[in-house]
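Chain residues, written in single-letter form:
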Amino acid sequence: MGRVAIVSDSAADLSPVDAAARGIAVVALEVTFGADRYRAGVDLDVDAFWRRMIAPDAPFPTTAAPGPGSFAEAFEAAFAAGADSVVCVDIAEELSATIQSARIARDMLPGRDIRIVDSGSASMGTGILAELAADLSAAGHTAEEIVAVLEDRRGDVDLYVTVDTLEYLRRGGRISAATAAIGSALSIKPIITLRDHKVEVFERVRTRSKARARTVELLAARPVERLAILHTTNADVEAFRQEVVARIPGGVDPDCVSVEIVGPSVGPHLGPGAVGGVVLYAR
């Protein structure tokens, strides 16, 4: 049975260590601060990004999809290393043009078995599915089987994050100015989620502590197969992780829980201080 290589993109927020351990190749989105352009995770790591993001008078960063050539390079490297097939798991099409670049790259390599999967999500909502794909590949499953599992399981993925403000999502074009203005006027702490591949405000909560507690409830509402705690330089993240894990019905395998800092590809849309997580619900 041929080897299946797994490719994803930097909007999946996979840590470099975890991606390397699982053999997942990560294609970098672009991040721009004013006149300075970087490749997320390549020449701008997470720590450097957040230092610049929160610096006084720093220009607001923008993100852009990688070009098709970046995906083609990753695909060709996988085949050169001995893969017979590639499964590429990407951020939702409604959130980024990234998956379109992946499809163009696939078409640039006719005769190769390259399958593109829309995760329908972002950050570790994409990352968890890429990890699942890598585990299935390691277990000997074919590309066709892996894609079938991912398309079946992506409906079991949920993301909930409480943010300090909706302003970053507004600037990034992910929510309307009217929605952001309502949040600012009421001084609320929104909890955001992804529904139908789009960012939505799930609930509006009056205080940071109540928003945090409600996010814990949402993440621990059902039995969980995998859990990724997300934060954007939130000092309280370890206590948050412990609370979520303690409340999950039936518990969760510690090896299936990770804590991930959101990186340069998604961080500009959330801003500092956010905390939440992604769950893959158990069946």
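Because the structure is a prediction, the values reported are computed rather than measured.

Scoring rules and cut-offs
- Residues numbered from 1 in each chain as written.
- Predicted model: local features only at pLDDT ≥ 70, side-chain atom pairs only at ≥ 80, totals over all residues.
- Heavy atoms only, no water.
- Phe/Tyr/Trp six-rings, centres within 6.5 Å; stacked < 30°, edge-to-face > 60°.
- Helix = DSSP H or I, 4+ residues; strand = E, 2+ residues; numbered from the N terminus.
- Buried < 20%, exposed > 50% of the residue type's maximum accessible area, 1.4 Å probe, protein only.
- Lys NZ or Arg CZ within 6 Å of the ring centre and 35° of its normal.
- Polar contact = N/O pair within 3.5 Å; in protein donor to acceptor, adjacent residues only side chain to side chain.
- Contact = heavy atoms within 4.5 Å.
- Core = buried A, V, L, I, M, F, W, Y, C linked by side-chain atoms within 4.5 Å.
- Pairing = 2+ DSSP bridges.
- Right-handed = clockwise from strand over helix to strand, strands pointing away.
- Axes fitted to C-alpha atoms, helices over the stretch in contact; angles between N-to-C directions.

1. Observations concerning the packing of aromatic side chains
Thinking step 1. In the structure shown here, the tally under the stated rule is four aromatic pairs.
Thinking step 2. Between the aromatic rings of phenylalanine 33 and phenylalanine 49, the centroid separation amounts to 6.0 Å while the plane-to-plane angle is 50°, which identifies the pairing as tilted. Taken together, the positions of phenylalanine 33 in strand S3 (residues 30–33) and phenylalanine 49 in helix H2 (residues 46–53) put the pair 16 residues apart, joining distant regions of the chain. The burial state of phenylalanine 33 is the same as that of phenylalanine 49; both residues are buried.
Thinking step 3. Site record: aromatic cluster; members linked through ring pairs are Phe33, Phe49 and Trp50.
Thinking step 4. For the cation-ring pair, arginine 222 lies above tyrosine 281, with the distance from its terminal atom to the ring centre recorded as 3.9 Å.

2. Regarding the side chain of threonine 232
Thinking step 1. On the secondary structure map, threonine 232 appears in the loop between strand S11 (224–231) and helix H10 (237–247).
Thinking step 2. In terms of polar contacts, threonine 232 uses its side chain to reach the backbone carbonyl oxygen of glycine 271, at 2.7 Å.
Thinking step 3. In this structure the side chain of threonine 232 is engaged in a polar contact, spanning 2.7 Å, whose partner is the backbone nitrogen of alanine 274.
Thinking step 4. In this structure threonine 232 touches Trp50, Val262, Leu270, Gly271, Pro272, Gly273 and Ala274, once residues within four positions along its chain are discounted.

3. Quick notes on the nonpolar core
Thinking step 1. Counting 45 residues, the largest nonpolar core has Val87, Leu150 and Ile192 as its most contacted members.
Thinking step 2. Residues within four places of valine 87 in sequence aside, it is in contact with Val4, Ala5, Ile6, Val7, Arg115, Val117, Ala143, Ile146, Val147 and Leu150.
Thinking step 3. By size, the runner-up hydrophobic cluster in this structure holds 20 residues, among which are Tyr160, Leu219, Ile229 and Phe240.

4. Comments concerning the pairing of strand S6 (residues 85–90)
Thinking step 1. Counting buried residues in S6 gives six out of six residues, a clear majority hidden from the surface.
Thinking step 2. Neither face of S6 is left uncovered, since the one carrying Ser85, Val87 and Val89 and the one carrying Val86, Cys88 and Asp90 both have all their residues buried.
Thinking step 3. Pairing analysis gives six bridges linking S6 to strand S7 (residues 113–118), with the strands arranged parallel. From the neighbouring strand, aspartate 90 faces S7, where its bridge partner is aspartate 118.
Thinking step 4. In this view, the connection linking S6 to its parallel neighbour S7 by way of helix H4 (residues 98–107) has right-handed handedness.

5. Section: the sheet that holds strand S10 (residues 198–205)
Thinking step 1. Strand order in this open sheet of six strands is S10-S9-S8-S13-S11-S12, and the pairing throughout is mixed. Looking at strand neighbours, the two that pair on one side only are S10 and strand S12 (257–261), the edges of this open sheet. Averaged over all pairs of adjacent strands, the angle between strand axes in this sheet comes to 20°, irrespective of strand direction.
Thinking step 2. Of the pairings in the sheet, the one linking S11 to strand S13 (residues 275–281) comprises seven bridges and is antiparallel in character. Its bridge partner lying in S13, leucine 230 is registered against glycine 276.
Thinking step 3. On the sheet, helix H5 (residues 124–138) packs against strand S8 (157–162), S11, S12 and S13 and is oriented at approximately 135° with respect to S11.
Thinking step 4. Packing against the sheet, helix H9 (residues 208–219) makes contact with S8, strand S9 (189–195), S10, S11 and S13, and its axis sits at approximately 10° to S13.

6. With respect to the sheet that holds strand S1 (residues 4–9)
Thinking step 1. Across the sheet, four strands lie side by side as S2-S1-S6-S7; this open sheet has parallel pairing. Either end of the sheet is taken by a strand with one partner, and the two such strands are strand S2 (24–27) and S7. The average angle at which neighbouring strand axes cross in this sheet is 25°, direction not considered.
Thinking step 2. Pairing analysis gives four bridges linking S1 to S6, with the strands arranged parallel. Within S6, the position partnered with valine 7 by the bridge is cysteine 88.
Thinking step 3. Docked against the sheet, helix H3 (residues 68–80) engages S1, S2, S6 and S7, running at close to 145° with respect to S6.

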